[in-house]
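Fold and geometry: a report
Here are the chains, one letter per residue:
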Amino acid sequence: MQSLTKKDFLLLLVVAFLTMAAPIILNPFPAGSGLAQFNAGYPDLMQRFVIFGIFAIGFNILFGLTGYLSFGHAAFLGVGSYSAVWMMKLLSMNVIPAILLSVIVAGLFSVVIGFVSLRRSGIYFSILTLAFAQMSFNLAYSVLTPITNGETGLQISLSDPRILDGANAPSYPNLFGAQMNAATTLDFGAWSFTFSVGYYLCAVIMLLAFYISIRVFRSPFGMMLRAVKSNQQRMNYTGLNTKPYTLAAFVISGMYAGLAGGLLAAMDPLAGAERMQWTASGEVVLMTILGGAGTLLGPVLGAGFIKYFENIFSKINDNVLHGWFSFMPDGLEDMLIAVIHPFVGKGWHLTLGLLFMLVVIFLPGGLVEGGQRIGRVFRRKDRNAGSVEADAAAQRNTPPAE
């Protein structure tokens, strides 16, 4: 921690506090209230927050620092999931070997794809990565079915050998005996808070990934990646070969994606080809841009924002809306629900798209820029109040003119 600046260390502490206290923070409304619909403190959703946060943090190392826009990172997410499930089928249900293998295999896969794709830049690089991702999806879906189990997906079964587990093999992924689906629920009055083993494992790994991201951003390597984004052609003219740096960033980013895929499989031991579709690659792009590309905290915010909309707003249907507006006259209630209906439930993508448009137009730096603007407003008010007090004190201390 000595190498972290005070600002970075405080940021890491804030992220750690919010992550560890998430089961409490994300359940602000009583369980039986009408607003309980907006609570997000249940294990499955919190796990997705941190896992896709890891995915977005890794993508941001490539896109945010170098400017290389990849539409193929879902391939590494899927490869990580398949590797983790195969490790749990063959070796052990302990999640540690599965997660390690997912990172290694995704790293090797990203070396191959990055070596070919980085021969081009700009839109051509993006198209190449998209092509590789679609090829990977089709291979997993219909060609490599003995390995991937095709459209059904790869999953564990009781007949799997699990060499290290022996005869008393556990039936669910675990961490040295603690099952990932194990949870403790604490009730405080009308509030209910659930603390899950799986979530806290993902949270600790996310904090480690965030710390590594800080180190990359502040290192000479990170400065070199920013220089690539600023003007790669000028760097080439000086005789500096930038390809090893961009390839290293691509591989690190791919390993982060593989880690996220391994954690998805560790929380739910199933790997399917749908994780390799181009829509998953587009989703991580949205997460990074929405939160703030090139910032440390932005990808985590973007991932949480999108996953919240996906899981909370998609569950708001007409019955929920009628319950909210039942106090209104029938005609006004029906009219208001007809207006809101296209933006919730199955239409939550429309709401997300509108918000994304607003962020891109008015906050090009993402949600992080919005927070910075709000902070500047409050600091300006504090400075103005301080200057007024100072002027008043100076006037009181000024002797009257004779």
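Residues numbered from 1 in each chain as written. Predicted model: local features only at pLDDT ≥ 70, side-chain atom pairs only at ≥ 80, totals over all residues. Heavy atoms only, no water.

**Overview of the pairing of strand S5 (residues 191-196)**
Sheet topology places strand S4 (residues 183-188) next to S5; 6 bridges connect them, and they run antiparallel. Within S5, the position partnered with Phe188 by the bridge is Trp191. The antiparallel pairing of S4 with S5 creates a hairpin that spans 2 residues between the two strands, and Gly189 there sits at a positive phi of about 65°. (Pairing = 2+ DSSP bridges. Helix = DSSP H or I, 4+ residues; strand = E, 2+ residues; numbered from the N terminus.)

**Brief notes about helix H8 (residues 197-218)**
In this model, H8 (22 residues) spans 32 Å end to end at C-alpha, consistent with the 32 Å of a helix rising 1.5 Å per residue. Between the side-chain oxygen of the N-cap and the backbone nitrogen of Gly198 there are 3.2 Å, and the N-cap of H8 in question is Ser196. (Expected span 1.5 Å × (residues − 1). Polar contact = N/O pair within 3.5 Å; in protein donor to acceptor, adjacent residues only side chain to side chain.)

**Considering the layout of surface pockets**
Estimated volume of the largest pocket: approximately 540 Å³. Forming the walls of the largest pocket are 18 residues, and the residues nearest its centre are Leu26, Phe49, Val300, Leu301 and Gly304. Contributing elements (two or more residues each) for the lining of the largest pocket: helix H1 (6-20), helix H2 (22-25), helix H3 (43-66), H8 and helix H12 (298-311). If one sorts the elements of the lining of the largest pocket by residue count, H12 sits on top with 5 residues. Tallied by class, residues from the lining of the largest pocket come to 16 nonpolar, 2 polar and no charged. There is about 420 Å³ of room inside the second largest pocket. Around the second largest pocket, the lining is made up of 19 residues, and of these Thr279, Ala280, Glu283, Lys307 and Glu310 lie nearest the centre. Those elements that provide at least two residues to the lining of the second largest pocket are H3, helix H11 (278-291), H12 and helix H15 (348-362). For the lining of the second largest pocket, the leading source of residues is H11, giving 6 residues. (1 Å grid on protein atoms, 1.4 Å probe; cavity = no way out; pocket = protein on both sides within 12 Å on 5 of 7 lines; lining within 4 Å. Points joined across faces, edges and corners; volume = space filled by probe spheres on them. Nonpolar A, V, L, I, M, F, W, Y, C, P; charged D, E, K, R; others polar.)

**Looking at a nonpolar patch on the surface**
A contiguous nonpolar surface patch, about 670 Å² in accessible area, is contributed by Phe343, Leu350, Leu354, Met357, Leu358, Ile361 and Phe362. Assignment of secondary structure puts Met357 in helix H15. (Patch = residues over 30% accessible without salt bridge, like charges linked within 9 Å, V, L, I, M, F, W, Y side chains within 5 Å. Areas by Shrake-Rupley, 256 points an atom, 1.4 Å probe, with all protein chains shown as cover. Salt bridge = Lys/Arg side-chain N within 4 Å of Asp/Glu carboxyl O.)

**Describing the packing of helix H4 (residues 74-90) against helix H10 (residues 243-267)**
Where H4 contacts H10, the two axes come as close as 7 Å, and the packing angle between them is 50°. By the criterion of interaxial angle, the relationship of H4 to H10 is oblique. Here H4 runs over H10; the crossing is right-handed. Residues Phe76, Leu77, Gly80, Ser81, Ala84, Val85 and Met88 of H4 pack against Phe250, Gly254, Ala257, Gly258, Ala260, Gly261, Gly262, Leu264, Ala265 and Ala266 of H10. Here the residues of the contact of H4 with H10 sort into 11 nonpolar, 6 polar and no charged. (Axes fitted to C-alpha atoms, helices over the stretch in contact; angles between N-to-C directions. Parallel < 35°, antiparallel > 145°, perpendicular 65-115°, else oblique. Left-handed = near helix turned anticlockwise from the far one by under 90°. Contact = heavy atoms within 4.5 Å.)

**Thoughts on the environment of Val360**
Topologically, Val360 is positioned in helix H15. Along the chain, Val360 and Gly292 lie 68 residues apart, while their C-alpha atoms are 9.9 Å from each other.

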